[in-house]
Amino acid sequence: MGRAQRGEERRGSKRRVVQLAALALLVIPLTSGCSVQDVLRFGWPAGVTPQSHAMRELWTWSAVAALVVGAITWGAMFWAIAFHRKRKGDDDTPPRQTQYNLPVEIAFTVIPTIIVAVLFGFTVNVQNYVDTDQPNPDVRVNVTAFQWNWRFDYPDNPGPDGTPVSTLGTSETIPLLVLPTQRRIQFTQQSNDVIHSFFVPEFLFKRDVFPLPDKNDQDNVWQIDQIEREGAFVGRCAELCGSYHAMMNFEVRALQPALYDRWVALRAQNNPATGAPYTAGEALAALGCGQLCSPEAYTTYPFNTDRTHRSASLPVGS
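What follows deals with the overall build of the protein. In terms of helices and strands, the protein carries 6 helices and 10 strands. For the protein, buried positions account for 33% of its 318 residues. Within the protein, counting contacts between residues at least 6 apart in sequence, those at least 24 apart form 63% of the total. In the structure as shown, the protein presents an accessible area of about 19100 Å², 59% of it carried by carbon and sulfur atoms.

Given below as structure tokens:
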């Protein structure tokens, strides 16, 4: 095989590789139906807190860095495969063998070290931000997990009987965790039995809920700067906690501050229709703000946790 013919074959192979890569870059975004922001989230949900944005950005740029390293590695592999393969007419003489290449070995040691150090630095920075607790939060909520439901207490908001306003979930009722937007919120967690985990996907954050957190040396207090928009967000237990772990859901209902203040004021009163303190759902319904004030959860539905119950649980209204 002549040198000119071999050079032409290599140029043809290079063109084919470039064309295939360009075609892939063009086809993938057009066929996925996703926006640039959707692609850059790499499967993460859209966050609703400043902490969630910090964590999502860390994840995005870590993934981008990994893809860049991967692209360089894959490119080197494909380049070697395309342009250094054995061709027809070549003899079996091996190429020149190089046992050591000091510059390459130094580069392969220093560059990964720098990459790991940079990722470590950004991770520590985001972790410190997410774990920072400011004094005097605007709202405090005590979260109690138990098999297989949740109780939410508002220690700064007394009810009609003087005890803190409380919302208790049951097998028939998904507990509603009503919170304000644009205010700093503190959560204090504990479990009545086994380890659970408090997880709201839109917070992009979860924390295990331990029994006896002080004796188990757990930091069970954490905060979010604010919830940035109104909405209803499903919450879950993210730690396998027993037979009905998958059914241990709750719903965060985020209201604008004025609506939240009215909700809290109603929870401090008795409902004239029942003569008993307003429940979370009754107080929401009294606000009359549409679906956002629905008295029952609409992002999830309760399951029957009776072990003798054999039929499938259905959504409310089915």
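After that view, the rundown keeps rolling.
Bringing the environment of alanine 258 into the picture now. In this structure, alanine 258 sits in helix H5 (residues 257-267). Here alanine 258 falls in the partly exposed class, since its relative accessible area comes to 49%.

Across all of its chains, the model carries 1 disulfide by this definition. Residue cysteine 289 pairs covalently with cysteine 293 via a disulfide, S to S 1.6 Å. Every disulfide takes its handedness from the sign of the S-S torsion; for cysteine 289 and cysteine 293 that torsion is 90°, giving right-handed. The thiol sulfur of cysteine 237 is not disulfide-bonded, and the nearest other cysteine sulfur, from cysteine 241, lies at 3.9 Å.

Read from one edge of the open sheet, 5 strands run S4-S10-S9-S6-S7, paired in mixed fashion. In this open sheet, the two edge strands, each paired with only one partner strand, are strand S4 (176-180) and strand S7 (205-209). When the angles between neighbouring strand axes are averaged without regard to direction, this sheet yields 25°. Note: strand S6 (residues 196-200) against S7, 5 bridges, orientation antiparallel. Bridge pairing in S7 places phenylalanine 199 opposite lysine 206.

The rules we used
All residue numbers here refer to positions counted from 1 along the written sequence of the relevant chain. Per-residue local features of the predicted model are confined to residues with pLDDT of at least 70, and side-chain atom pairs are confined, for both listing and counting, to 80 or more; whole-chain, interface and lining totals are unaffected and use all residues. In computing side-chain values, all of the structure's heavy atoms are included and hydrogens and water are not. The helix and strand labels rest on DSSP assignments: H or I over at least four residues marks a helix, E over at least two residues marks a strand, and numbering proceeds from the N terminus. We call a residue buried when its accessible area falls under 20% of the maximum for its residue type, exposed when it is over 50%, and partly exposed in between, using a 1.4 Å probe and counting protein chains only. Residues are treated as being in contact if the distance between any of their heavy atoms lies within 4.5 Å. Only the protein chains shown count as cover for residues, and the accessible areas themselves come from Shrake-Rupley with a 1.4 Å probe. Cysteine sulfur atoms that pair up within 2.5 Å are treated as a disulfide. Between any two strands, pairing holds if DSSP finds at least two bridges. Helix axes use the C-alpha atoms of the stretch in contact, all axes being lines fitted to C-alpha atoms, and the angles between their N-to-C directions lie in the range 0 to 180 degrees.

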